[in-house]
Amino acid sequence: MKLDPVFLIILCALIIGGGCVWLILFIRQRFLRRQHHLQLQLLHNIPVGLCYEFKGKILLNKTWRLMWDLPKRPRTIKELIKHLPSQDRKFFVQNYDILVKKEIPFDGILHHGHQSFHLRARPFENGARVFWINDLSRYQEKFDQLNQNYDQLYQQKQLLENAWESFPFPTFIRSAQGKVIFANQAVAKNDSNDLNQCHWQTRPFQSNDTTYTLTYGQEMRTEEEVQSLVREITTAHRRLCQELPCAVCLFNANGQLVACSPEFARLWQLDESWLNTEPDYENFWDSLQEKGLLSRVMDFSQYKKQQREQFAQLSKTEEIFLYLPSGQIIRRLMIPFAQGGVILLDEEKGG
(Lines give C-alpha, C1' and ligand atoms only; values in the text may rest on other atoms or scores of the structure.)
Protein backbone atom coordinates (compact mmCIF):
# COMPACT_ATOMS: atom_id res chain seq x y z
CA MET A 1 0.00 0.00 0.00
CA LYS A 2 1.36 3.35 -0.95
CA LEU A 3 1.33 5.96 1.83
CA ASP A 4 0.18 9.42 1.24
CA PRO A 5 3.20 11.80 1.07
CA VAL A 6 1.33 14.37 3.15
CA PHE A 7 0.74 11.83 5.87
CA LEU A 8 4.41 10.91 5.86
CA ILE A 9 5.38 14.52 6.21
CA ILE A 10 3.00 15.03 9.15
CA LEU A 11 4.20 11.81 10.80
CA CYS A 12 7.82 12.82 10.45
CA ALA A 13 7.05 16.26 11.83
CA LEU A 14 5.30 14.73 14.84
CA ILE A 15 8.20 12.35 15.50
CA ILE A 16 10.78 15.11 15.17
CA GLY A 17 8.66 17.51 17.25
CA GLY A 18 8.11 14.91 19.95
CA GLY A 19 11.80 14.15 20.00
CA CYS A 20 12.62 17.84 20.35
CA VAL A 21 10.09 18.26 23.16
CA TRP A 22 11.46 15.20 24.95
CA LEU A 23 15.00 16.48 24.51
CA ILE A 24 14.03 19.91 25.84
CA LEU A 25 12.25 18.35 28.83
CA PHE A 26 15.21 16.06 29.46
CA ILE A 27 17.68 18.97 29.37
CA ARG A 28 15.41 21.10 31.57
CA GLN A 29 15.02 18.27 34.08
CA ARG A 30 18.80 17.79 34.25
CA PHE A 31 19.26 21.53 34.69
CA LEU A 32 16.65 21.69 37.45
CA ARG A 33 18.13 18.63 39.13
CA ARG A 34 21.62 20.12 38.97
CA GLN A 35 20.30 23.44 40.26
CA HIS A 36 18.46 21.64 43.07
CA HIS A 37 21.63 19.70 43.92
CA LEU A 38 23.63 22.94 43.95
CA GLN A 39 21.12 24.61 46.24
CA LEU A 40 21.20 21.65 48.62
CA GLN A 41 25.00 21.74 48.67
CA LEU A 42 24.91 25.45 49.46
CA LEU A 43 22.41 24.91 52.29
CA HIS A 44 24.45 22.03 53.67
CA ASN A 45 27.72 23.98 53.62
CA ILE A 46 26.74 27.49 54.69
CA PRO A 47 28.49 28.50 57.95
CA VAL A 48 25.15 28.56 59.78
CA GLY A 49 23.31 25.57 61.19
CA LEU A 50 19.95 25.37 59.39
CA CYS A 51 16.86 23.29 60.15
CA TYR A 52 13.64 23.19 58.08
CA GLU A 53 10.51 21.63 59.61
CA PHE A 54 7.36 20.72 57.69
CA LYS A 55 4.52 18.39 58.79
CA GLY A 56 6.48 17.05 61.75
CA LYS A 57 9.62 16.16 59.77
CA ILE A 58 12.85 18.11 59.71
CA LEU A 59 15.69 18.59 57.25
CA LEU A 60 18.95 19.39 59.00
CA ASN A 61 21.96 20.68 57.10
CA LYS A 62 25.47 19.28 57.55
CA THR A 63 26.73 22.37 59.36
CA TRP A 64 24.27 21.87 62.22
CA ARG A 65 25.13 18.17 62.48
CA LEU A 66 28.85 18.98 62.57
CA MET A 67 28.37 21.72 65.16
CA TRP A 68 26.59 19.29 67.48
CA ASP A 69 28.59 16.22 66.37
CA LEU A 70 25.40 14.23 65.73
CA PRO A 71 26.10 10.56 64.80
CA LYS A 72 22.61 10.11 63.32
CA ARG A 73 20.42 12.47 61.39
CA PRO A 74 17.40 13.43 63.56
CA ARG A 75 14.03 13.18 61.82
CA THR A 76 11.89 15.25 64.18
CA ILE A 77 12.25 18.26 66.47
CA LYS A 78 11.86 15.98 69.49
CA GLU A 79 14.84 13.89 68.36
CA LEU A 80 16.86 17.04 67.79
CA ILE A 81 16.30 18.75 71.15
CA LYS A 82 17.07 15.65 73.19
CA HIS A 83 20.72 16.62 72.69
CA LEU A 84 20.17 19.81 74.73
CA PRO A 85 20.56 20.20 78.50
CA SER A 86 17.25 20.07 80.36
CA GLN A 87 17.05 23.83 81.04
CA ASP A 88 17.61 24.72 77.38
CA ARG A 89 15.19 21.98 76.28
CA LYS A 90 12.48 23.45 78.53
CA PHE A 91 13.11 26.91 77.08
CA PHE A 92 12.89 25.56 73.52
CA VAL A 93 9.68 23.58 74.10
CA GLN A 94 7.87 26.51 75.71
CA ASN A 95 8.71 28.91 72.88
CA TYR A 96 8.26 26.26 70.18
CA ASP A 97 4.63 25.69 71.25
CA ILE A 98 3.97 29.42 70.92
CA LEU A 99 5.67 29.44 67.51
CA VAL A 100 3.45 26.58 66.29
CA LYS A 101 0.18 27.91 67.70
CA LYS A 102 0.58 31.67 67.23
CA GLU A 103 3.46 31.90 64.74
CA ILE A 104 5.44 34.12 67.11
CA PRO A 105 9.19 33.92 66.40
CA PHE A 106 11.74 33.60 69.19
CA ASP A 107 15.48 33.89 69.81
CA GLY A 108 17.64 32.43 72.55
CA ILE A 109 20.96 30.94 73.68
CA LEU A 110 21.38 27.16 73.57
CA HIS A 111 24.24 25.12 75.01
CA HIS A 112 25.71 21.91 73.69
CA GLY A 113 28.65 20.55 75.61
CA HIS A 114 31.02 23.46 76.24
CA GLN A 115 29.70 25.40 73.26
CA SER A 116 27.11 28.19 73.12
CA PHE A 117 24.81 28.89 70.17
CA HIS A 118 22.47 31.71 69.25
CA LEU A 119 19.17 30.25 68.02
CA ARG A 120 16.63 31.99 65.80
CA ALA A 121 13.22 30.41 65.09
CA ARG A 122 10.82 31.82 62.49
CA PRO A 123 7.51 30.72 60.91
CA PHE A 124 7.65 29.90 57.18
CA GLU A 125 5.07 29.58 54.44
CA ASN A 126 2.50 26.74 54.32
CA GLY A 127 2.84 26.02 58.04
CA ALA A 128 6.56 25.25 57.87
CA ARG A 129 9.17 26.56 60.29
CA VAL A 130 12.85 27.49 59.95
CA PHE A 131 15.52 27.37 62.67
CA TRP A 132 19.14 28.42 62.42
CA ILE A 133 22.02 28.63 64.89
CA ASN A 134 25.31 30.56 65.06
CA ASP A 135 28.27 29.32 67.08
CA LEU A 136 29.13 31.83 69.83
CA SER A 137 31.90 29.79 71.42
CA ARG A 138 34.72 31.90 69.98
CA TYR A 139 33.10 34.95 71.55
CA GLN A 140 32.54 33.28 74.92
CA GLU A 141 35.92 34.36 76.30
CA LYS A 142 35.14 37.96 75.35
CA PHE A 143 31.67 37.65 76.93
CA ASP A 144 33.21 36.28 80.12
CA GLN A 145 35.76 39.12 80.18
CA LEU A 146 33.02 41.70 79.63
CA ASN A 147 30.95 40.17 82.43
CA GLN A 148 33.99 40.21 84.70
CA ASN A 149 34.66 43.86 83.83
CA TYR A 150 31.00 44.66 84.45
CA ASP A 151 31.08 42.98 87.86
CA GLN A 152 34.25 44.85 88.76
CA LEU A 153 32.81 48.19 87.65
CA TYR A 154 29.60 47.49 89.55
CA GLN A 155 31.56 46.72 92.73
CA GLN A 156 33.59 49.90 92.28
CA LYS A 157 30.38 51.84 91.74
CA GLN A 158 28.90 50.39 94.94
CA LEU A 159 32.10 51.16 96.83
CA LEU A 160 32.11 54.74 95.56
CA GLU A 161 28.44 55.22 96.45
CA ASN A 162 29.00 53.88 99.95
CA ALA A 163 32.06 56.12 100.37
CA TRP A 164 30.11 59.22 99.31
CA GLU A 165 27.24 58.32 101.60
CA SER A 166 29.68 57.90 104.49
CA PHE A 167 31.40 61.21 103.73
CA PRO A 168 30.77 63.37 106.82
CA PHE A 169 30.42 66.62 104.87
CA PRO A 170 27.22 67.54 103.00
CA THR A 171 28.03 67.08 99.32
CA PHE A 172 26.26 67.96 96.07
CA ILE A 173 27.03 67.25 92.43
CA ARG A 174 25.41 69.62 89.96
CA SER A 175 25.14 69.42 86.19
CA ALA A 176 26.28 72.24 83.86
CA GLN A 177 22.71 73.56 84.01
CA GLY A 178 22.87 73.78 87.83
CA LYS A 179 20.57 70.82 88.46
CA VAL A 180 21.44 68.71 91.53
CA ILE A 181 22.02 65.15 90.33
CA PHE A 182 23.49 63.78 93.58
CA ALA A 183 23.28 64.64 97.28
CA ASN A 184 24.68 62.41 100.02
CA GLN A 185 23.07 61.46 103.34
CA ALA A 186 24.89 64.20 105.21
CA VAL A 187 22.68 66.70 103.36
CA ALA A 188 19.51 65.04 104.63
CA LYS A 189 20.85 64.78 108.19
CA ASN A 190 21.46 68.55 108.44
CA ASP A 191 18.67 71.11 108.51
CA SER A 192 18.82 74.34 106.49
CA ASN A 193 20.30 76.33 109.41
CA ASP A 194 23.21 73.91 109.77
CA LEU A 195 23.84 73.99 106.02
CA ASN A 196 23.84 77.79 106.04
CA GLN A 197 26.58 77.78 108.68
CA CYS A 198 28.89 75.61 106.57
CA HIS A 199 31.89 76.88 104.65
CA TRP A 200 31.31 75.69 101.07
CA GLN A 201 34.01 74.51 98.66
CA THR A 202 33.35 74.13 94.92
CA ARG A 203 35.37 72.01 92.47
CA PRO A 204 34.45 71.68 88.77
CA PHE A 205 35.32 68.43 87.01
CA GLN A 206 34.68 66.80 83.63
CA SER A 207 33.31 63.42 82.65
CA ASN A 208 32.71 62.39 79.02
CA ASP A 209 33.26 65.99 77.87
CA THR A 210 30.53 67.20 80.25
CA THR A 211 31.34 69.63 83.05
CA TYR A 212 29.96 68.99 86.55
CA THR A 213 30.44 70.82 89.82
CA LEU A 214 31.25 69.16 93.13
CA THR A 215 30.21 71.25 96.15
CA TYR A 216 30.83 70.22 99.75
CA GLY A 217 30.40 72.05 103.02
CA GLN A 218 32.61 72.11 106.09
CA GLU A 219 31.65 73.25 109.51
CA MET A 220 33.18 76.55 110.58
CA ARG A 221 35.51 75.83 113.45
CA THR A 222 37.62 77.94 115.75
CA GLU A 223 41.35 78.17 115.08
CA GLU A 224 42.09 75.93 118.05
CA GLU A 225 39.66 73.30 116.76
CA VAL A 226 41.26 73.42 113.32
CA GLN A 227 44.76 73.08 114.75
CA SER A 228 43.63 70.18 116.92
CA LEU A 229 42.05 68.51 113.90
CA VAL A 230 45.23 69.02 111.86
CA ARG A 231 47.31 67.46 114.64
CA GLU A 232 44.97 64.47 114.78
CA ILE A 233 45.12 64.00 111.02
CA THR A 234 48.92 64.33 110.99
CA THR A 235 49.23 61.78 113.78
CA ALA A 236 46.92 59.42 111.91
CA HIS A 237 49.02 59.79 108.75
CA ARG A 238 52.22 59.06 110.62
CA ARG A 239 50.70 56.03 112.34
CA LEU A 240 49.44 54.75 108.99
CA CYS A 241 52.83 55.18 107.29
CA GLN A 242 54.55 53.38 110.15
CA GLU A 243 52.40 50.31 109.46
CA LEU A 244 52.76 50.26 105.67
CA PRO A 245 55.21 47.63 104.33
CA CYS A 246 56.03 49.68 101.20
CA ALA A 247 58.32 52.67 100.66
CA VAL A 248 55.98 55.66 100.96
CA CYS A 249 56.13 59.18 102.35
CA LEU A 250 53.77 62.15 102.51
CA PHE A 251 54.59 65.82 101.95
CA ASN A 252 52.07 68.56 102.69
CA ALA A 253 51.27 71.41 100.30
CA ASN A 254 54.19 73.46 101.70
CA GLY A 255 56.61 70.67 100.85
CA GLN A 256 57.12 69.60 104.46
CA LEU A 257 57.66 65.89 105.09
CA VAL A 258 54.70 64.85 107.26
CA ALA A 259 55.00 61.06 107.43
CA CYS A 260 57.39 58.37 106.23
CA SER A 261 57.29 54.58 106.30
CA PRO A 262 60.24 52.55 107.69
CA GLU A 263 60.78 51.03 104.24
CA PHE A 264 61.09 54.48 102.66
CA ALA A 265 63.62 55.53 105.33
CA ARG A 266 65.63 52.33 104.71
CA LEU A 267 65.60 52.78 100.94
CA TRP A 268 66.93 56.35 101.12
CA GLN A 269 69.06 55.93 104.29
CA LEU A 270 67.08 58.51 106.29
CA ASP A 271 67.82 58.40 110.03
CA GLU A 272 65.16 59.12 112.63
CA SER A 273 66.81 62.25 114.02
CA TRP A 274 66.83 63.83 110.56
CA LEU A 275 63.16 62.90 110.02
CA ASN A 276 62.22 64.48 113.37
CA THR A 277 63.42 67.85 112.06
CA GLU A 278 60.42 67.76 109.64
CA PRO A 279 62.55 68.56 106.56
CA ASP A 280 61.08 70.00 103.40
CA TYR A 281 61.18 68.69 99.83
CA GLU A 282 64.43 70.47 98.95
CA ASN A 283 66.16 69.17 102.10
CA PHE A 284 65.12 65.68 101.06
CA TRP A 285 66.93 66.03 97.72
CA ASP A 286 69.96 67.62 99.42
CA SER A 287 70.18 64.66 101.76
CA LEU A 288 70.12 62.16 98.89
CA GLN A 289 72.80 64.13 97.05
CA GLU A 290 75.05 64.28 100.12
CA LYS A 291 74.78 60.51 100.61
CA GLY A 292 75.71 59.92 96.96
CA LEU A 293 72.44 58.14 96.23
CA LEU A 294 71.71 60.17 93.09
CA SER A 295 73.40 60.10 89.73
CA ARG A 296 75.53 63.17 89.28
CA VAL A 297 74.03 66.06 87.36
CA MET A 298 75.80 69.08 85.92
CA ASP A 299 73.67 71.64 87.76
CA PHE A 300 72.11 70.27 90.94
CA SER A 301 70.37 73.54 91.82
CA GLN A 302 68.61 73.49 88.44
CA TYR A 303 67.72 69.83 89.03
CA LYS A 304 66.15 70.71 92.41
CA LYS A 305 64.23 73.55 90.77
CA GLN A 306 62.73 71.09 88.28
CA GLN A 307 61.73 68.81 91.14
CA ARG A 308 60.05 71.70 93.01
CA GLU A 309 58.11 72.70 89.89
CA GLN A 310 56.97 69.14 89.31
CA PHE A 311 55.84 68.95 92.94
CA ALA A 312 53.95 72.27 92.78
CA GLN A 313 52.26 71.57 89.44
CA LEU A 314 51.26 67.96 90.13
CA SER A 315 47.58 67.46 89.21
CA LYS A 316 47.47 63.73 88.47
CA THR A 317 49.50 60.65 89.30
CA GLU A 318 52.82 60.61 87.45
CA GLU A 319 55.29 57.77 87.06
CA ILE A 320 59.04 58.41 86.92
CA PHE A 321 62.13 56.20 87.10
CA LEU A 322 65.25 57.01 89.12
CA TYR A 323 68.51 55.37 88.05
CA LEU A 324 70.89 55.22 91.01
CA PRO A 325 74.69 54.99 90.86
CA SER A 326 74.44 51.60 92.59
CA GLY A 327 72.65 50.23 89.54
CA GLN A 328 69.27 50.17 91.24
CA ILE A 329 66.20 51.37 89.38
CA ILE A 330 63.46 53.00 91.43
CA ARG A 331 59.94 53.28 90.05
CA ARG A 332 58.29 56.29 91.70
CA LEU A 333 54.64 57.26 91.68
CA MET A 334 53.93 60.89 92.58
CA ILE A 335 50.30 60.96 93.73
CA PRO A 336 48.34 64.16 94.44
CA PHE A 337 46.94 64.18 97.97
CA ALA A 338 44.38 66.23 99.87
CA GLN A 339 44.89 70.00 100.29
CA GLY A 340 47.76 70.07 97.79
CA GLY A 341 49.91 67.40 99.44
CA VAL A 342 51.90 64.80 97.51
CA ILE A 343 52.53 61.11 98.20
CA LEU A 344 55.76 59.48 96.99
CA LEU A 345 55.46 55.72 96.48
CA ASP A 346 58.79 54.07 95.56
CA GLU A 347 59.40 50.52 94.35
CA GLU A 348 62.75 48.84 93.75
CA LYS A 349 62.89 47.30 90.27
CA GLY A 350 66.35 45.80 90.60
CA GLY A 351 69.46 46.70 88.65
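Presented here is a report on the structure given in the accompanying data block. (Residues numbered from 1 in each chain as written. Predicted model: local features only at pLDDT ≥ 70, side-chain atom pairs only at ≥ 80, totals over all residues. Heavy atoms only, no water.)

## Digging into the overall build of the chain
- For the chain, the helix and strand inventory stands at 12 helices and 14 strands.
- Buried residues in the chain amount to 28% of all 351 residues.
- Considering only residue pairs separated by 6 or more positions, the chain has 33% of its internal contacts joining residues 24 or more positions apart.
- As displayed, the chain has an accessible area near 24,500 Å², and 55% of this comes from carbon and sulfur atoms. (Helix = DSSP H or I, 4+ residues; strand = E, 2+ residues; numbered from the N terminus. Buried < 20%, exposed > 50% of the residue type's maximum accessible area, 1.4 Å probe, protein only. Contact = heavy atoms within 4.5 Å. Areas by Shrake-Rupley, 256 points an atom, 1.4 Å probe, with all protein chains shown as cover.)

## Observations concerning the sheet that holds strand β14 (residues 342-348)
- Read across the sheet, five strands follow the order β11-β10-β14-β13-β12 without closing on themselves; strand pairing throughout is antiparallel. Across the chains shown, the open sheet's two edge strands, defined by having one partner strand only, are β11 (257-260) and β12 (318-323). Ignoring strand direction, the axes of neighbouring strands in this sheet form an average angle of 20°.
- Of the pairings in the sheet, the one linking strand β10 (residues 247-251) to β14 comprises five bridges and is antiparallel in character. Note that in β14 the partner of V248 across the bridge is L345.
- The strands touched by helix α11 (residues 281-290) are β10, β13 (329-336) and β14; relative to β13, the strand with the most contacts, the crossing angle is about 175°.
- Against the sheet, helix α12 (residues 300-312) makes contact with β10, β12, β13 and β14, and its axis sits at roughly 160° relative to β12, the strand it touches most. (Pairing = 2+ DSSP bridges. Axes fitted to C-alpha atoms, helices over the stretch in contact; angles between N-to-C directions.)

## Overview of the nonpolar core
- Counting residues in hydrophobic clusters, the biggest one holds 27 residues, and the most contacted among them are F251, F264, W268, F284, W285 and L344.
- Secondary structure elements with two or more residues in this core: β10, β11, α9 (262-267), α11, α12, β13 and β14.
- The greatest single-element share of this core, amounting to four residues, is contributed by α11.
- Not counting residues within four places of it along the chain, the set of residues in contact with L344 comprises A247, V248, C249, F251, F264, Y281, F284, R332, L333 and M334.
- In terms of nonpolar packing, the next biggest core, distinct from the first, is built from 21 residues, L60, L80, F92 and F131 among them. (Core = buried A, V, L, I, M, F, W, Y, C linked by side-chain atoms within 4.5 Å.)

## Brief notes about helix α4 (residues 86-102)
- Between the first and last C-alpha of α4 there are 24 Å, a value that for 17 residues agrees with the 24 Å anticipated at 1.5 Å per step.
- Residues of α4 that are buried include every one of D88, F92, Y96 and L99, and no others. The buried residues of α4 occupy an angular sector of 60° when the element is viewed end-on, so they sit on one face. The exposed residues of α4 that point more than 90 degrees off its buried face are S86, Q87, K90, K101 and K102.
- Of the surrounding elements, those touching the buried residues of α4 are β1 (49-54), α3 (77-81), β3 (106-112), β4 (115-123) and β5 (129-135).
- Downstream of α4 by one or two residues, E103 has phi in the positive range, about 55°. (Expected span 1.5 Å × (residues − 1). Arc of directions from axis to C-beta.)

## Here's the deal with the packing of α11 against α12
- Running from N to C, α11 and α12 point in directions that differ by 140°, and their axes come no closer than 10 Å. The angle between α11 and α12 falls in the class oblique. Note that α11 runs across α12; the crossing there is right-handed. Listed contacts from α12 to Y281, E282, W285, D286 and Q289 of α11 are F300, Y303, K304, Q307, R308 and F311.
- Tallied by class, residues from the contact of α11 with α12 come to five nonpolar, two polar and four charged. (Parallel < 35°, antiparallel > 145°, perpendicular 65-115°, else oblique. Left-handed = near helix turned anticlockwise from the far one by under 90°. Nonpolar A, V, L, I, M, F, W, Y, C, P; charged D, E, K, R; others polar.)

## A closer look at the packing of aromatic side chains
- Considering all chains together, one arrives at 19 aromatic pairs under this definition.
- Aromatic pair Y52 and F124: ring centres 6.1 Å apart, planes at 85°, arrangement edge-to-face. Taken as a pair, Y52 in strand β1 and F124 in the loop between β4 and β5 lie far apart in primary sequence, 72 residues in all.
- Residue Y52 is classed as partly exposed on the basis of its relative accessible area of 33%.
- Using a relative accessible area of 41% as the deciding quantity, one classes F124 as partly exposed.
- Taken together, the ring pairs in this structure connect F251, F264, W268, Y281, F284, W285, F300, Y303 and F311 into an aromatic cluster. (Phe/Tyr/Trp six-rings, centres within 6.5 Å; stacked < 30°, edge-to-face > 60°.)

## Points about the environment of T202
- Along the chain, T202 turns up in strand β8 (residues 198-207).
- Look at T202 and you get partly exposed, because its relative accessible area is 43%.

## Structural notes on the pairing of strand β6 (residues 171-174)
- Both β6 and strand β7 (residues 180-183) contribute to a ladder of three bridges, which runs antiparallel. The partner of F172 across the bridge, within β7, is A183.
- Where β6 hands over to β7, the hairpin turn is made up of five residues, of which G178 adopts a positive phi near 90°.

## Quick word on the side chain of E53
- Along the polypeptide, E53 turns up in strand β1.
- For E53, the side chain forms a polar contact with the side chain of Y96, separated by 2.5 Å.
- In this structure the side chain of E53 is engaged in a polar contact, spanning 2.8 Å, whose partner is the side chain of R129.
- Excluding residues within four positions of it along the chain, E53 makes contact with I58, I77, Y96, A128, R129 and F131. (Polar contact = N/O pair within 3.5 Å; in protein donor to acceptor, adjacent residues only side chain to side chain.)

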